[in-house]
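What follows is each chain in one-letter form.
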2 protein chains.
Amino acid sequence: MPSPAKLSLNTATVREQWNLKECIDGCVRHGIGGIAPWRDKLHEAGVEESARIIKDTDLSVTGLCRGGWYTAEGSLTDNVLDENKRAVDEAAQIGAACLVMVVGGLSKGSRNIHAARQLVEDGLGHTLDFARQIKVPIAIEPLHPMYAGDRACVNTMRQALDICDALDPEGTGIIGVACDVYHVWWDPELSSQIKRAGKSRLLAFHVCDWLVPTNDLLVDRGMMGDGVIDIRGIRQEVEAAGFNGLNEVEIFSAKNWWQRDPDEVLETIKDRGCKAT
Amino acid sequence: MPSPAKLSLNTATVREQWNLKECIDGCVRHGIGGIAPWRDKLHEAGVEESARIIKDTDLSVTGLCRGGWYTAEGSLTDNVLDENKRAVDEAAQIGAACLVMVVGGLSKGSRNIHAARQLVEDGLGHTLDFARQIKVPIAIEPLHPMYAGDRACVNTMRQALDICDALDPEGTGIIGVACDVYHVWWDPELSSQIKRAGKSRLLAFHVCDWLVPTNDLLVDRGMMGDGVIDIRGIRQEVEAAGFNGLNEVEIFSAKNWWQRDPDEVLETIKDRGCKAT
């Protein structure tokens, strides 16, 4: 049962209501311990200015969302690789604990998921070379298999950790996973792969809930406690494996939470984030 | 590139347009080689009468949909187990190659997916005892992880095959898997698990396509060729592993194929089933 100071607000949770400055102020006002900006919010506010504002608070930056999309142009173009370098740079500027990677789905017109996965691994290798230089950890986020086609062809913890082992066999902590309960709760191998990941690979922990029924593949995530995920059980497993970071709340909810007063959303997050997780 | 005779019509594909008799006539008229009824269609037409009509044709019965739902009442009640026995009986009556099992998701009010999975394995064991007596193969259908909450907590081929190995270590063919490309195409372990399954465990092969975007979690499946699944590649893998049954076409499509003239649907299935798979 984490205290509010153990929670972090992913800006996607109130993305329709607040800009980054409002998110930061909201976190401070509510005693929430961390923030994880999306890059659109960061660019809108200006990276340097945002870094300055965040550093004036005690907020941890649990991650920057997001790099990746290696498959977007069908090959590892300069455009794709440079964009990822910029993302690493921005993560460094705001002192993010990691850069979260949504790796990309199938390339346009392709049905070859093996090729997509190879492209992703190659692309992550390039980004990691740069990330090592400026010491920004890269967190691969395995996305739910329902996003394999259009968002991320890395869909399980095992797969993400296999890539980590290939690119960083020493387990230095420079590459690891962002474990989001929404994406992985169903996985029969979840417990064993969390143990396998251990402290050095568990770079972020995201929470929300899986609603039954779920009415949209993308923007119908639930508030913790409103769905069927054993969030507390998974949190205890990642903590037993050595993770001691914040619980980052990331809820895409077009018809519910994005429609509400954002202070009510943060109050609910504190209540549920403490009781249900 | 299978011929129409290598295709089977799952009645769900035209469930809004045709009853079972019309499906059977349609298959015969179009030269489609097999049929796989859902139990609601079978009951509507009468099991004995349906068995008689099917036997008057040359149609193979590639499966009966469906048994399972072991988690529906929170424990293995007589109701749940008897219903599965009835399903096995009906599969025998119509000469189905297998009874397809959708095993059930979380029990109502539960967040314990481990418990659900144990219940399912226990339930399958009971049904298998009966199925062995009357020699009806049981095909566990791993469902896409997006159904883990409310339909099936068996979500990968590996998981289904682990259950098969536990219940039938000799690999007699009395229990195996129904491999539906829609549910498993994303799985990084798909190729290795198809090989592991081999001829004795590959009891059914279902095709349709994954649309990008997918607008509904349940009833927005695509016609072969309209989505991103490498259906041909997967078919070649199951055939290389020893499967030599029909390709069963099962498309839930509320806004497209369920709205069309069913003869047009069957024509399209033949065209796509031959070209795209």
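Owing to the predicted nature of the structure, the values given are computational and were not obtained by experimental measurement.

Right, let's talk about the packing of aromatic side chains for a bit. Enumeration over the complete set of coordinates arrives at eleven aromatic pairs over all chains. With centroids separated by 6.2 Å and ring planes inclined at 45°, the aromatic side chains of F252(B) and W258(B) adopt a geometry described as tilted. An aromatic cluster is present here, built from W38(A), F252(A) and W258(A) joined pairwise through their rings. The cationic tip of R221(A) hangs over the ring face of F252(A); the distance from NZ or CZ to the ring centre is 4.2 Å. A cation over a ring is seen here: R260(B) above W257(B), with NZ or CZ 4.0 Å from the ring centre.

On to the sheet that holds strand 5 (residues 99–102) of chain A, then. All names here are of chain A. The strand order across the open sheet built from nine strands is 3-2-1-9-8-7-6-5-4, with neighbouring strands paired in parallel fashion. Unpaired on one side and paired on the other, strand 3 (60–61) and strand 4 (64–68) mark the two borders of the sheet. Sheet analysis places strand 4 next to strand 5, joined by four bridges and oriented parallel. Residue C65 lies in a different strand from strand 5, and its bridge partner there is V100. On the sheet, helix 8 (residues 190–201) packs against strand 7 (175–180) and strand 8 (202–207) and is oriented at approximately 110° with respect to strand 8. Across the face of the sheet, helix 10 (residues 262–275) comes into contact with strand 1 (7–10) and strand 9 (247–249) while running at roughly 140° to strand 1.

Here the largest pocket is characterised by a volume of approximately 490 Å³. As for the largest pocket, its lining consists of 27 residues, of which T156(A), R158(A), D187(B), P188(B) and E189(B) are closest to the centre. Breaking the lining of the largest pocket down by element, the ones donating at least two residues are helix 5 (113–134) and helix 6 (157–167) of chain A together with helix 5 (113–134) and helix 6 (157–167) of chain B. A total of five residues in the lining of the largest pocket trace back to one element, the largest contributor, which is helix 5 of chain A. Counted by class, the lining of the largest pocket contains eight nonpolar, seven polar and twelve charged residues.

Our next topic: the interface of chain B and chain A. Every contact between the two is made by 31 residues of chain B and, on the other side, 31 residues of chain A. Here chain B and chain A share an interface that buries about 2400 Å² over both sides, 65% of which is from carbon and sulfur atoms. Among the residues chain B hides against chain A, the three largest losses belong to R111(B), W186(B) and L217(B). Together they make up 25% of the total. Where chain B meets chain A, there are two salt bridges. The closest approach of N and O atoms between R158(B) and E189(A), which form a salt bridge, is 3.6 Å.

Residue and element names in this part refer to chain A. Going from C65 to R66, the amide bond is cis rather than trans, its omega being 5°. With respect to the secondary-structure elements, R66 resides in strand 4. At K135, a residue that is not glycine, the phi angle is positive and equals roughly 60°. With respect to the helices, strands and loops of the structure, K135 is situated in the loop between helix 5 and strand 6 (138–140).

Mean pLDDT over chain A: 97, with 99% of residues reaching 70 or higher. Scored by ipTM, the complex comes to 0.97, with pTM at 0.97.

Before going further, it helps to examine the nonpolar core. Among the nonpolar cores identified, the biggest contains 172 residues, and W185(A) and W185(B) are the most heavily contacted of them. Counting residues in hydrophobic clusters, the runner-up holds twelve residues, among them C98(A), A178(A), A204(A) and V219(A).

For these two chains of identical sequence, chain B goes onto chain A by a turn of 180° and a shift of 0.0 Å along the axis, with RMSD 0.0 Å. This pairing of chains is accounted for by a two-fold axis. Counting the interface residues of chain B, we find that 100% of their copies in chain A are interface residues as well, pointing to one common contact surface.

This brings us to the sheet that holds strand 2 (residues 34–36) of chain B. Residue and element names in this part refer to chain B. Taking strand neighbours across the sheet as the criterion, the nine strands line up as 3-2-1-9-8-7-6-5-4 in an open arrangement whose pairing is parallel. Two strands bound the open sheet, and with one partner strand each, they are strand 3 (60–61) and strand 4 (64–68). Its contacts with the sheet put helix 10 (residues 262–275) on strand 1 (7–10) and strand 9 (247–249), and the angle it makes with strand 1 is roughly 140°.

Right, let's get into the pattern of salt bridges. Residues and elements named next belong to chain A. Under the criterion given, the structure shown has 42 salt bridges over all chains. Between R29 and D263 there is a salt bridge; the shortest N-O distance is 2.9 Å. Residue R29 is located in helix 1 (residues 20–30), and its partner D263 is located in helix 10; the two are separated by 234 residues in the primary sequence. Residue classification places D263 among the partly exposed positions, given a relative accessible area of 25%.

Residue and element names in this part refer to chain B. This structure, assessed with the given rule, holds zero disulfides over all chains. Left unpaired, C98 is separated from the closest cysteine sulfur, that of C65, by 7.9 Å. With no disulfide of its own, C179 has C208 as its nearest cysteine by sulfur position, at a separation of 11 Å.

All names here are of chain A. Examined against the element boundaries, S8 turns out to sit in strand 1. Exposure remark for S8: the relative accessible area of 1% places this residue in the buried category. From its side chain, S8 meets the backbone oxygen of G34 in a polar contact 3.3 Å long.

Time to look at the packing of helix 8 of chain A against helix 9 (residues 231–240) of chain A. Residue and element names in this part refer to chain A. Running from N to C, helix 8 and helix 9 cross one another at 30°; their axes reach a closest spacing of 8 Å. The pairing of helix 8 with helix 9 is recorded here as roughly parallel in orientation. In this structure, the crossing between helix 8 and helix 9 has a hand that is right-handed. The segment helix 8 lies against helix 9, with L190, S191 and I194 engaging I234, E237 and V238. Split by residue class, the contact of helix 8 with helix 9 holds four nonpolar, one polar and one charged.

Rules of the game
- Residues numbered from 1 in each chain as written.
- Chains lettered and ligands numbered in written order.
- Predicted model: local features only at pLDDT ≥ 70, side-chain atom pairs only at ≥ 80, totals over all residues.
- Heavy atoms only, no water.
- Phe/Tyr/Trp six-rings, centres within 6.5 Å; stacked < 30°, edge-to-face > 60°.
- Lys NZ or Arg CZ within 6 Å of the ring centre and 35° of its normal.
- Pairing = 2+ DSSP bridges.
- Helix = DSSP H or I, 4+ residues; strand = E, 2+ residues; numbered from the N terminus.
- Contact = heavy atoms within 4.5 Å.
- Axes fitted to C-alpha atoms, helices over the stretch in contact; angles between N-to-C directions.
- 1 Å grid on protein atoms, 1.4 Å probe; cavity = no way out; pocket = protein on both sides within 12 Å on 5 of 7 lines; lining within 4 Å.
- Points joined across faces, edges and corners; volume = space filled by probe spheres on them.
- Nonpolar A, V, L, I, M, F, W, Y, C, P; charged D, E, K, R; others polar.
- Buried area = accessible area lost by both parts, 1.4 Å probe.
- Salt bridge = Lys/Arg side-chain N within 4 Å of Asp/Glu carboxyl O.
- pLDDT = per-residue confidence, 0-100.
- Core = buried A, V, L, I, M, F, W, Y, C linked by side-chain atoms within 4.5 Å.
- Buried < 20%, exposed > 50% of the residue type's maximum accessible area, 1.4 Å probe, protein only.
- Least-squares fit on C-alpha atoms with pLDDT ≥ 70 in both.
- Disulfide = S-S within 2.5 Å.
- Polar contact = N/O pair within 3.5 Å; in protein donor to acceptor, adjacent residues only side chain to side chain.
- Parallel < 35°, antiparallel > 145°, perpendicular 65-115°, else oblique.
- Left-handed = near helix turned anticlockwise from the far one by under 90°.

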